[in-house]
Amino acid sequence: MSSTFFMQEAIKEALKADPNKVYPNPLVGCVIVKDNMIIARGYHKEFGTNHAEVNAIESLDFPVSNADLYVTLEPCAHFGKNPPCVNAIIESKMFKKVIIASHDPNKKAMGGIELLKNAGIEVEVGDCAKESKEINQRFYTFFKKKRPYVIIKFARTQDGFIARPDGSSKWITEDDARRDVHLTRSGCDAILVGRNTIEIDNPSLDSHGLGRDPQIVILSSDLKLNSFKVSKNQPLIFGKKLDKKSPENNIKIILDNLFHENVQSLLVEGGEKTITSFIKSGYFDEIHEYISPKKFESGIPFYSGDDFSEIRSSLKLISEISFKNDIKKVYRK
């Protein structure tokens, strides 16, 4: 078997975990190989519990030596909820080589590679690096780009409107599509809307019991929250320090603040102005487009910039889901 085969098996292990249970840690998988055979497997199951490498080592029923350990992310070298994984690898005295898919982008956790080399263990890095990063895109975006992973979501009619001329929009999509949105919310740290969305729709912006509720973020300088559903959830409000003349520049200010609040993922569910500002700024990673067969004939479009078809054509369509009446398309940069 090739090194790539074993690393792909480690990636399969990583994908066994529920990302919401592992958060804020990444998905990590590991396999232990001896004489070209996998003799142990492990993955990180839940935040605060053993990491993948330790789970694989502890699953062995017999002592081994001169084995190879394949892991999807650089073993951590810091004390967090658990001791450093690199210590467990070195102290086991089982391994002649450790093969790592990708470096840890978190400066606090990195350093494991050097410690392994100093202990006389051979280290290889880079096999299946792209695949290992793809399963942890939010984690890598947060630490590499110093901002949350941004998902823009909107529901539109077949003729391209997100609301009627008076701003009303309930409900463009049906129950099954809206449930999918609630699931997406449960997997995000925060959800962002503008003042008009709060005032017109008075949404709860929660996951409707399908998981954890995201932190609510509102763009407004003078919104009085007391009469709205979101007031009970202590939303973060941005407005006073923002530049009304340059909405796109404000996006960077908002994302910088959310990064310092440790928000790894942000779902943008605003109206035309908010969605347009994020798209024009370029600070987004995915677009979730829900398309209803309904037609409004006239109303508020989801995007007020130049032709959106050009932007859409520059993105990669990664999935298309059909509900009873509606369609969801997911695009990624």
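Note: the structure precedes this text.
Residues numbered from 1 in each chain as written. Predicted model: local features only at pLDDT ≥ 70, side-chain atom pairs only at ≥ 80, totals over all residues. Heavy atoms only, no water.

Chemist: Sorry if this is basic, but what is going on with a positive patch on the surface here?
Modeler: On the surface, a cluster of positive charge is made up of Lys 107, Lys 133, Lys 144 and Lys 146. By secondary structure assignment, the location of Lys 107 is in the loop between β4 (95–100) and α5 (112–118). Of the residues examined, Lys 107 reaches a relative accessible area of 68% and is grouped as exposed. (Patch = residues over 30% accessible without salt bridge, like charges linked within 9 Å, V, L, I, M, F, W, Y side chains within 5 Å. Areas by Shrake-Rupley, 256 points an atom, 1.4 Å probe, with all protein chains shown as cover. Salt bridge = Lys/Arg side-chain N within 4 Å of Asp/Glu carboxyl O. Lys, Arg positive; Asp, Glu negative; His and termini not counted. Charge placed at Lys NZ, Arg CZ, Asp CG, Glu CD. Helix = DSSP H or I, 4+ residues; strand = E, 2+ residues; numbered from the N terminus. Buried < 20%, exposed > 50% of the residue type's maximum accessible area, 1.4 Å probe, protein only.)

Chemist: How do you make sense of the nonpolar core when you look at a structure like this?
Modeler: Generally speaking, nonpolar side chains in soluble globular proteins are found buried as a group. Ile 32, Leu 69, Ile 89, Phe 95, Val 98 and Leu 116 are the most contacted members of the largest nonpolar core, which has 28 residues in total. At the level of secondary structure, the elements contributing two or more residues to this core comprise β1 (29–34), α3 (52–58), β3 (67–71), α4 (85–92), β4, α5 and α7 (137–145). A per-element tally of this core places α7 first, with 4 residues. Ile 32 has contacts with Met 37, Ile 38, Ile 39, Ala 40, Ala 56, Ile 57, Leu 60, Ala 67, Asp 68, Leu 69 and Phe 95, leaving out every residue within four places of it along the chain. One finds Ala 190, Ile 275, Phe 278 and Ile 279 within the second-largest nonpolar core, a separate group that totals 26 residues. (Core = buried A, V, L, I, M, F, W, Y, C linked by side-chain atoms within 4.5 Å. Contact = heavy atoms within 4.5 Å.)

Chemist: Explain the pairing of β1 to me, please; I cannot follow it from the model alone.
Modeler: Consecutive side chains along a regular strand alternate between the two faces of the sheet. Most of β1 is tucked away, with 5 of its 6 residues classed as buried. As judged from the 6 bridges shared by β1 and strand β2 (residues 37–43), these two strands associate in the antiparallel manner. Bridged to Val 33 within β2 is Ile 38. Taking the residues between adjacent antiparallel strands as the criterion, β1 and β2 are bridged by 2 residues, where Asp 35 takes a positive phi near 55°. Strand direction decides the pairing type here: β1 and β3, joined by 4 bridges, are antiparallel. Of the residues in β3, the one forming a bridge with Val 33 is Asp 68. (Pairing = 2+ DSSP bridges.)

Chemist: Before we go on, may I ask you to explain the pattern of salt bridges in this structure?
Modeler: Side chains that differ in charge, positive against negative, can pair when their charged atoms come close. Throughout the structure, instances matching the rule amount to 18 salt bridges. A salt bridge links Lys 97 to Glu 124, with the nearest nitrogen and oxygen atoms 3.2 Å apart. Linking Lys 97 in strand β4 with Glu 124 in strand β5 (residues 122–125), this pair joins segments that are 27 residues apart in sequence. For Glu 124, a relative accessible area of 33% puts it in the partly exposed group. Its salt-bridge partner being Lys 328, residue Asp 180 comes within 2.9 Å of it at the nearest N-O pair. With a gap of 148 residues between them, Asp 180 in helix α8 (residues 175–186) and Lys 328 in strand β15 (residues 327–332) connect regions that are remote in the sequence. The exposure classification of Asp 180 matches that of Lys 328, with both residues buried.

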